[in-house]
Every structure is written in C-alpha cells, then in structure tokens.
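# Descriptive structure summary
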Amino acid sequence: MSEGCGWVQPMSAIHAEGLVKVFPSRSGEVRALDGVDLDVPAGTVLGLLGPNGAGKTTTVRILTTLLTPDAGTATVHGIDVARDPQAVRRSIGLSGQYAAVDEYLTGRENLLMIGRLYHLGGAAARQRAGELLEEFDLVDAADRPTKTYSGGMRRRLDLAGALVARPPIIFLDEPTTGLDPRSRLALWDVIEGLVRAGTTVLLTTQYLDEADKLADSIAVVDRGRVIARGTSDALKAQMGGERLVVTVDHGQVETGRAVLQGLADGAVEVEEHTRTLVAPVAGGSTALIDAVRAFDEAGVRVLDLGMRRPTLDDVFLQLTGHHAEPTDAADGPEAPATTGARGASR
Amino acid sequence: MSDLAQTVSDTGTITWRNITRLRRQPDSIVFGIIQSVMFVLLFAYVFGGAINVPGGGDYTQFLMGGIFVQTVAFTCATTCIAMADDLSRGVFDRFRSLPMSRSAVLAGRTFADLAFATVTTAAMALTGLLVGWRTDAPVLSVLAGFALLALFAYAFLWIGAVIGLSVRSVEVAQTAGLIWLFPLTFLSNAFVPLETMPEWLQPIAAWNPISAVVAAVRELFGNVPPGYVAPDYWPLQHPVLASVLWCLVILAVFVPMGVARYRRAAAR
Ligand SMILES: Nc1ncnc2c1ncn2[C@@H]1O[C@H](COP(=O)(O)OP(=O)(O)OP(=O)(O)O)[C@@H](O)[C@H]1O
Ligand SMILES: [Mg+2]
C-alpha cells in the first residue's frame, strides 16, 4: 500500500493482518490477540463486537500506536503503524475505553490542550473547543473543572477530544458505555454525521444494536480472534432472526419447553432459576400469537411473554457454543481469556 | 512546524497544564511551603546549639545551604507521584496518541515542578531571614547560588520522573520517590560538617552530589566562615564546578532514560 497522500484517503483506511499480542501474566501468558485481520474501507464504519477480554481494546491500542504487536502488520491511513507512528497519530483521533480527561482542568481547557498538542494554533484550537462543547452539550459545564462532571459528561468530553483535529480516521473504544439513552442517541447522531462527512470510524461495542445501527460491517471478536465478519444483515441472517422469550409458572418449565419446541426454529434454551425459555422463531408477531394459543391449550400459565432481537449473547452462543461473559464492563476487571479449546461450531 | 518548535510548543502546553493543576490544588502548595518553613525552624532551633561549625561559624548560616538543597531535592518526590498518577489515569494514553513531542510530557512536568520548587525556596529564604540568616556576598553571587539550586532541582526532578514512570502506582510512588532521599541528604554535609563524620564515611559523603551542591551554595551565599578550610576532596575543593558537572551527569543519564521509559510506560 502506498504512503498516505495528503487529503485523499487510501482505499483501506485501516488494514491489519495477523495481529498477535501476548501479555505476560502470573499464570503463564495471556494471548490477547491471536491473529486478527481487519480491513476498513475509507469512509465506512467497522464495529468490533465482542465480550469482555475478547481483545477489542488491545486491537485499538495497536492500531493507535499505543502498543506494538508481537506479530503482524497494520497500516492506518496507508501508513505502517510500526514504521511511522507519529504520522499515524496525525491522522487519527482516539477515545479510549476509560475517559482520559484531566480532572483539574475545565472541559474547555481539556479540549484547548488537545488542540494545541495537535498544533492547530491558539485561535483555531479555541474555536474548535467552543464548537465541540456545543456539539456535545457541555456548554453549561464548559468552565468547570471536570472532576465535577458526571461519568457520562466525562465520557462525552473524552469523545469530543477525539474529534478536535477533525482527523480522517477515528477510533472509539466502547463510546457509549456509561451513557444514558439520550446521550447515546446523540452520540450515534454525531458518529453518523462524521461518516457522512467522509470520516472512517472503528468502534468497539458490546451491544449488537449499536453495531447494527452504526456499523457498515461488523467483526465479531472472541478470545483474540475474529470469529465472524460481515454486514449486520448477514450476521443476523446467520443468527436466525428473533427470539421468543417466555416465563412460565412454577413446575411448568418442562411442559413449556415441549410446547415451545413445537414452534421454534432451533433449540430452546432454558434458564431454570428464572423459569425462562428462549427460542429462535420465524414469523414475527404471528409467532407470538401462535405461542399464546399453544401455551393456553397446553394449560401452561405464562407470566411473561415477548419477542426480542438477537443479542450479543445469542451471537456468541451460536458462533462459539459459549455465552458471552457478563456485559457490565464499565469498571470491572477484565476477565482473562483462557487459551483453551474453542467451542465447536462456527 | 519544525521538530524543535514543536517540542518547545508542546512543552509549553504541558507545563501550562501542570501549573494549572497545581493552582487548582492550593493545599499542595500550602503544605509544600509549611514543610519547608518547618524544616528551617526545627533545624535552626533544635540543632542550632548542638552542632559546632568548623571555622567557628554560626549554625544558622551553615544550615541554610543544606536546607535549601534538601528541600529542593525532596521536590522530586512530588514529580514522582504526579508521574505515577498521570500514568495510572490513562492521561498518558491520550498524550501518546497525539502527534506531539515525545519528550514534552516529561519536560512539561519537570518545568512545572521547578516552578513549585521556586516557590518553596522563596518561602525558605524568607524564613531563614527571620531566624537570622544573612548573606554579605555580592548580589550576583547570591543570584548564582539560586540559579545553581534551580539547576540542581531540575536535574533531580528527572530522577523523580524516572522513578514515577518505573513504579506505576501512586501508592508505591509515595514511598519510592522519597525513601532514597533520606540517606542521600543525611550522608552529606547538609546538616553536619563532614569533619564530624567517621573517617570511612567521609569520602562517601564528599562524593555525594548533595555535598558538592551544598558547599557551592554556601560559598555563593557567603555563608562559609572566614577561616574554614574545605576537606581535601576534589568536589569540595571546587564545589561550584563539581555541582554543575554533577547536574549535567544526572541530566545526561536520566533525561534519555525518562524519555525511553515514557515511551514504554503506557505500552503495558
Ligand atoms: N497490560 C496487560 N497485561 C496483561 N494482560 C492484558 C493486558 N491488557 C490486556 N490484557 C488481557 O488481554 C485480553 C484482552 O483484553 P482487552 O482489553 O483487549 O479486551 P476487551 O475486548 O477490550 O475487553 P472489555 O470488553 O472488557 O474492554 C484480556 O484477557 C486481558 O486480561
Ligand atoms: Mg476493552
């Protein structure tokens, strides 16, 4: 691939081949990345989807020059990250998983500092800081030290920091974790606006709906490998559509399971302690009506009944045979990935 | 922008950031001042009568050089903690993802802490004057003394920065940044004359960089008693030259080490 040429983006904004990263740890070593290949065409959004410890952050850190891979190569904006990291840094914006804002500076000062460090020049940095504070709804808090900010406000400020220099390529590591629904929607709008203006975005997320909404293509990562990739439609087709979720009365789990199996498109999953049954079904709301009838005829008392779209957990169950780990990642310690045998199906 | 202009501009930005942080935490400044004032008072009044100064000088005059050097040396614990703190908060990740100069983060840290050391030095000088410290050296010589203190402080701050980057946790930094300073400052001529130490300790104390700087500051401030003959060690015979050389050696070792550590530090 040729060197980055001015304002014209190379065909692949981000390209990675065979990325491997091994961390030493007390019990041997952790293979955080085990051969990750990625390709993000310019002007598109790639969603990196995966559970805790999958290797999402490690991938982002390598592509943003914070880590060097043990094997493999990566180019960002046509520039080899190992050969010329400083040139890569000029073309990217990063918002890491944990908001890295300076708590004793005000929101405005944080953005000003970043603008100066991108060498925008004083006046331009000031103007850009003002624009971003407006865009991220932080005008009222702009001149307060950020230690008085709520978690979501910090997160938004950190995201604004990634956009200061209007870089052609932006990396967002779990951008909406910890945001309330309104802020999440607002952020989705911002990202869509960036993409319309030609920016390339790589974002990581644990939420299928987010990847679904924003990403042109999705790479599902598990235990340091990309286990599936494609558009969200293609992945969903693979997932087998919607899930019917039923909670039945005490002692009726087995009967309920049998009834549901008759309607299902695949295996019925049983959560004993909540007496909840989940099954992939085809046919949307018709399936719901059929289910109500069937349960009624079989004399099963239904406490709760509904449809839901496939979740990340369903994706993992389907692709790997194991559940995604609990998804309350905000601050918890990352679960170490065991380098054991992988679940069966692909 | 040229590399040099970029480094200067980035260092300015980071220095501004660190000074702004300091100003927003006034208690840390207040405690820094209280600590240095307290040292002057304790040593002047507790040890003042007990220690005989060779050449028959007054202990307060003897003490001030030592106190100045000890206090600015201790500032490097601040640098150490601040560095470890930044590192643990992920602020460095942000910096390292920006197209900024690699050395600016450290240079900006050390410049800001040098400004802090200047404030505490001024507080000490005023307290010293109140307890009877006097200087009859020419103004230029006194200014040279403060300049030497600043150079020494700056060199030592880099040691603090390297330690802070190595330990990586604020809790460890609080101890690691400070603990080695006690033997270093007490195994010197800062508080007691070299001549009163056991024979075998004297060469160690004489070649301790602290001793050279203390001797140089005393000389530049005109606090050496008239009849005093410096011990027969090269750094104490030529304290100003020796101090400058020591500072340059420290900088030559710790600046590259700090920059290399910084590059690796966040890459964990
Ligand atoms: N510095 C490190 N030292 C040791 N192990 C590490 C280090 N950084 C990451 N790991 C391990 O590498 C694996 C991948 O971590 P990574 O942070 O990339 O996961 P992630 O997909 O971002 O997870 P999360 O959703 O929890 O943020 C994990 O098992 C983690 O424990
Ligand atoms: Mg992560």
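The present account deals with the structure reproduced in this document.

What counts, and at which threshold
- Residues numbered from 1 in each chain as written.
- Chains lettered and ligands numbered in written order.
- Predicted model: local features only at pLDDT ≥ 70, side-chain atom pairs only at ≥ 80, totals over all residues.
- Heavy atoms only, no water.
- Donors = N, O, S within 2.8 Å, 3.2 Å for Na, K, Ca; no water.
- Helix = DSSP H or I, 4+ residues; strand = E, 2+ residues; numbered from the N terminus.
- Buried < 20%, exposed > 50% of the residue type's maximum accessible area, 1.4 Å probe, protein only.
- Core = buried A, V, L, I, M, F, W, Y, C linked by side-chain atoms within 4.5 Å.
- Contact = heavy atoms within 4.5 Å.
- Buried area = accessible area lost by both parts, 1.4 Å probe.
- Salt bridge = Lys/Arg side-chain N within 4 Å of Asp/Glu carboxyl O.
- Polar contact = N/O pair within 3.5 Å; in protein donor to acceptor, adjacent residues only side chain to side chain.
- Axes fitted to C-alpha atoms, helices over the stretch in contact; angles between N-to-C directions.
- Parallel < 35°, antiparallel > 145°, perpendicular 65-115°, else oblique.
- Left-handed = near helix turned anticlockwise from the far one by under 90°.
- Nonpolar A, V, L, I, M, F, W, Y, C, P; charged D, E, K, R; others polar.
- 1 Å grid on protein atoms, 1.4 Å probe; cavity = no way out; pocket = protein on both sides within 12 Å on 5 of 7 lines; lining within 4 Å.
- Points joined across faces, edges and corners; volume = space filled by probe spheres on them.

## Section: the coordination of the magnesium ion (ligand 2)
Tetrahedral coordination by four donors puts the ideal angle at the metal at 109.5 degrees, and octahedral coordination by six puts it at 90 or 180 degrees. Residue and element names in this part refer to chain A. On the protein side, the magnesium ion (ligand 2) has Thr57 (OG1) and Gln97 (OE1) as donor atoms, found 1.8 to 2.1 Å from it. One end of the pair, Thr57, is in helix α1 (residues 56–63); the other, Gln97, is in the loop between β6 (92–95) and α3 (107–117), with 40 residues separating them in the sequence. Gln97 shares its class with Thr57; the two are buried.

## A few points about the nonpolar core
Ranked by internal contacts, the top residues of the largest apolar core, which has 118 residues, are Phe136 and Val220 of chain A together with Phe95 and Phe152 of chain B. With residues near it in sequence (within four places) discarded, Phe152 of chain B still touches Val69, Val72, Ala73, Ile210, Val213 and Cys247 of chain B. Residues Ile14, Val76, Phe171 and Val221 of chain A belong to the second largest nonpolar core, which totals 30 residues.

## Considerations on the interface of chain A and chain B
Contacts between the two partners involve 29 residues from chain A and, on the opposite side, 28 residues from chain B. Buried area between chain A and chain B, both sides added, is near 2,600 Å², and the carbon and sulfur share of it is 57%. On the chain A side of the contact with chain B, Tyr104, Leu117 and His119 of chain A bury the most area, a combined 26% of that side's loss. Viewed at the interface, chain B and chain A are joined by seven salt bridges. Taken together, chain A and chain B are joined by 14 residue pairs in polar contact (both at pLDDT 80 or more). Going through the elements one at a time, α2 (85–90), β6, α3 and α5 (151–163) of chain A are the ones with two or more residues in the side of chain A that touches chain B.

## What about the packing of helix α6 (residues 139–167) of chain B against helix α12 (residues 239–265) of chain B?
Residue and element names in this part refer to chain B. At a minimum axis separation of 8 Å, α6 and α12 run at an interaxial angle of 30 degrees. Overall, the two elements α6 and α12 adopt an arrangement that is roughly parallel. As α6 packs across α12, the resulting crossing turns out to be left-handed. Each of Leu148, Leu151, Phe152, Tyr154, Ala155, Phe156, Trp158, Ile159, Val162, Leu165 and Ser166 in α6 lies in contact with α12, whose residues at this interface are Ser243, Val244, Cys247, Ile250, Leu251, Phe254, Val255, Met257, Gly258, Arg261, Tyr262 and Ala265. Residues of the contact of α6 with α12, tallied by class, amount to 19 nonpolar, three polar and one charged.

## Some points on the environment of Ser91 of chain A
Residue and element names in this part refer to chain A. With respect to the helices and strands, Ser91 occurs in the loop between α2 and β6. Ser91 gets classed as buried once you look at its relative accessible area, which sits at 6%. Residues Ser91 and Gln238, 147 residues apart in the sequence, show an inter-C-alpha distance of 36 Å. Here Ser91 is in contact with His77, Ile79, Pro167, Pro168 and Ile169, once residues within four sequence places are set aside. Within polar-contact distance, the side chain of Ser91 engages the backbone oxygen of Ala87 at 3.1 Å.

## Examining the layout of surface pockets
Residue and element names in this part refer to chain B. Approximately 700 Å³ is the volume attributed to the second largest pocket. Forming the boundary of the second largest pocket are 28 residues, of which Leu22, Ser28, Thr78, Ile81 and Phe116 lie nearest the centre. Put simply, the parts of the chain that give the lining of the second largest pocket at least two residues each are α1 (3–23), α2 (26–47), α3 (59–88), α5 (104–130) and α7 (170–179). Among the elements that take part in the lining of the second largest pocket, α3 stands out by supplying nine residues, more than any other. In the lining of the second largest pocket, the residues fall into 10 nonpolar, 11 polar and seven charged.

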